[in-house]
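Here's the letter readout for the chains.
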Amino acid sequence: MTLAEKLSTYDEKYWDFSEYRNDAPLVRYPAVMVAPMQACILKEIINADPTISTVLDPFCGSGTVLCEGQKLGLNVMGFDINPLAVLIATVQLEGIPEDCAVRSINAINTRLTMLNGNVKSYAFKNINKWFNDDIIVSLSVIRQAIIEETNERMRRFFWCCFAETVKKFSNTRTSTFKLHIKEQSKIEATVDDTITFFKEHIQNNYLKYVKDSTSSICIKCGDSKEHLAAMVADSVDLICTSPPYGDNHTTVTYGQFSILPLLWIDKKDLHIWDDTILETFTAIDSASLGGRVKRSRSASQALSGRCGPDGRGLLRGSWRPGGRNRRSYSRLYRAGVAASGLRRGGGWSGRLRIRAGARVQARGGSAWRFPAPFLKGPGCSVTPSSPART
């Protein structure tokens, strides 16, 4: 019997899984796949072809397909553009070490008590819009307590529990995955019970994640197209996935859902594949549908000038901020390329200051990355900094 014939033997209603509920997830990630459905499909595929040993989900999200594949003894690979999804999937797959789980949990509970009232409040842009002042104080205590955890697997588990805590006590509505502020009356009624909730969430979930998997696990964050292009031929036996559809009616705003926890989590424990991915609330969603980070694009397109291929020479370029490009000046500035001493003329020209390592598109179409301190020429100066990532 072929695989198609085998799957056709199931009653059509079987695939509804209408009674399935994942009522107690570690993090309530949006639009997750139905776990028993994926388990059934993978099992039938393996029965049809026992040589399958590795499954890939290039849009893995929180890792449902990979978790079911791991339970069946498969090696698993997954890619996702969202750093929070990659964090959750990693914890789901690798779990937490049995030998130190209880010790680490007891230690973080002690730190939460010791740090309470002794931690400077964490801050990021518009934090007071999305969190009440007392909530910010308590979340800052939890954040510092997690940072001080030395075991990497336990720390990632704690960050997932923290992400759920951040979502629960933020000022965002729970009726949508998009960021919408709650009614003022509900914001004022929010009770700061964050530390207690965080402790209980750890206690209610840690036993589910105590394991030491023997299967191979490979999770990467970033553009799936780039990761797929870099793969070795014939390194995967099976691809099972549910890609983003790319239309306004069915595309879930995973990025908006994830951005507040991501802004709180220590960047050292996140796979940040692009330095600008957390700078706006819509950057992850835009990138997931094939868009580009606007800031980088503005830096390469808005500035034109003349320079030699060695990065030296004239950069008294011209920039015409007419029409819609006039608004891109702020983006250009934030990208590390600033223009000063501008004067009106056929175009606007003036002294240009370029961050060391900035990638600038020249008028001829070629691009150069300028290392400090070699950028020299009339009216040019360099602000020393570490090179920007490619």
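Residues numbered from 1 in each chain as written. Predicted model: local features only at pLDDT ≥ 70, side-chain atom pairs only at ≥ 80, totals over all residues. Heavy atoms only, no water.

### Overview of the pattern of salt bridges
Okay, step 1: Across all of its chains, the model carries eight salt bridges by this definition.
Okay, step 2: Of the charged contacts in the structure, one is a salt bridge between arginine 28 and glutamate 164, with a shortest N-O distance of 3.3 Å. Here arginine 28, found in the loop between helix H1 (3–8) and helix H2 (35–48), pairs with glutamate 164, found in helix H8 (residues 152–168); they are 136 residues apart in sequence, far enough to count as distant.
Okay, step 3: The residue glutamate 183 makes a salt bridge to lysine 186 at a minimum N-O spacing of 3.8 Å.
Okay, step 4: You can call glutamate 183 partly exposed: its relative accessible area is 39%.
Okay, step 5: Where salt bridges share partners, they join Glu94, Glu152 and Arg156 into one cluster. (Salt bridge = Lys/Arg side-chain N within 4 Å of Asp/Glu carboxyl O. Helix = DSSP H or I, 4+ residues; strand = E, 2+ residues; numbered from the N terminus. Buried < 20%, exposed > 50% of the residue type's maximum accessible area, 1.4 Å probe, protein only.)

### Side note on the environment of phenylalanine 59
Okay, step 1: Looking at where phenylalanine 59 falls in the secondary structure, it is placed in the loop between strand S1 (54–57) and helix H3 (64–71).
Okay, step 2: Classification of phenylalanine 59 by relative accessible area gives partly exposed; the value is 34%.
Okay, step 3: Residues phenylalanine 59 and cysteine 240 lie 181 residues apart in sequence; the distance between their C-alpha atoms is 9.2 Å.
Okay, step 4: Apart from the residues lying within four places of it in its own chain, the contact partners of phenylalanine 59 are Phe79, Asp80, Ser224, Thr241, Ser242, Pro243 and Pro244. (Contact = heavy atoms within 4.5 Å.)

### Some details on the packing of aromatic side chains
Okay, step 1: Applying the stated criterion across every chain, the model contains 19 aromatic pairs.
Okay, step 2: An angle of 65 degrees between the planes, with centres 6.1 Å apart, marks the rings of tyrosine 122 and phenylalanine 124 as edge-to-face.
Okay, step 3: Relative accessible area serves as the criterion here: at 14%, phenylalanine 124 is assigned to the buried category.
Okay, step 4: Grouping aromatic residues by their ring pairs yields a cluster made of Tyr122, Phe124, Phe131, Trp159, Phe162 and Trp264.
Okay, step 5: Lysine 167 extends its terminal NZ or CZ atom over the ring of phenylalanine 257, reaching a point 4.3 Å from the ring centre.
Okay, step 6: We note lysine 168 situated over the ring of phenylalanine 169; from NZ or CZ to the ring centre the distance is 5.9 Å. (Phe/Tyr/Trp six-rings, centres within 6.5 Å; stacked < 30°, edge-to-face > 60°. Lys NZ or Arg CZ within 6 Å of the ring centre and 35° of its normal.)

### Side note on helix H4 (residues 83–94)
Okay, step 1: Under the 1.5 Å per step criterion, the end-to-end length of H4 is 16 Å for twelve residues, consistent within 8% with the ideal 16 Å.
Okay, step 2: For H4, every residue scored as buried is listed here: Pro83, Leu84, Ala85, Val86, Leu87, Ile88, Ala89, Thr90, Val91, Leu93 and Glu94.
Okay, step 3: Packed against the buried residues of H4 are H3, strand S2 (75–80), H8, strand S3 (217–221), helix H12 (254–264) and helix H13 (283–288).
Okay, step 4: With a side-chain oxygen positioned 3.0 Å from the backbone nitrogen of leucine 84, the residue opening H4 is asparagine 82. (Expected span 1.5 Å × (residues − 1). Polar contact = N/O pair within 3.5 Å; in protein donor to acceptor, adjacent residues only side chain to side chain.)

### What about the packing of H8 against H12?
Okay, step 1: Where H8 contacts H12, the two axes come as close as 9 Å, and the packing angle between them is 120 degrees. Considered as vectors, H8 and H12 are oriented oblique to each other. Handedness of the H8/H12 crossing: right-handed. Facing Trp159, Phe162, Ala163, Val166 and Lys167 of H8, the residues of H12 in contact are Phe257, Leu260, Pro261 and Trp264.
Okay, step 2: Grouping the constituent residues of the contact of H8 with H12 by class yields eight nonpolar, no polar and one charged. (Axes fitted to C-alpha atoms, helices over the stretch in contact; angles between N-to-C directions. Parallel < 35°, antiparallel > 145°, perpendicular 65-115°, else oblique. Left-handed = near helix turned anticlockwise from the far one by under 90°. Nonpolar A, V, L, I, M, F, W, Y, C, P; charged D, E, K, R; others polar.)

### Overview of the side chain of threonine 172
Okay, step 1: If you trace the backbone, threonine 172 turns up in the loop between H8 and helix H9 (184–188).
Okay, step 2: Looking at threonine 172, its side chain comes within polar contact range of the side chain of serine 170, at 2.7 Å.

### Examining unusual backbone geometry
Okay, step 1: The backbone of phenylalanine 17 sits at a positive phi, close to 45 degrees, despite the residue not being glycine.
Okay, step 2: Within the fold, phenylalanine 17 resides in the loop between H1 and H2.
Okay, step 3: The backbone of alanine 31 sits at a positive phi, close to 50 degrees, despite the residue not being glycine.
Okay, step 4: Along the chain, alanine 31 falls in the loop between H1 and H2.

### Considering the pairing of S1
Okay, step 1: Burial along S1 is two-sided: Thr54 and Leu56 facing one way and Val55 and Asp57 facing the other are all buried.
Okay, step 2: Relative to S2, S1 runs parallel, the two being bridged by four bridges. Bridge assignment links aspartate 57 to a residue of S2, and that residue is glycine 78.
Okay, step 3: Relative to strand S4 (residues 238–239), S1 runs parallel, the two sharing two bridges. When the bridges of S4 are listed, leucine 56 appears paired with isoleucine 239. (Pairing = 2+ DSSP bridges.)

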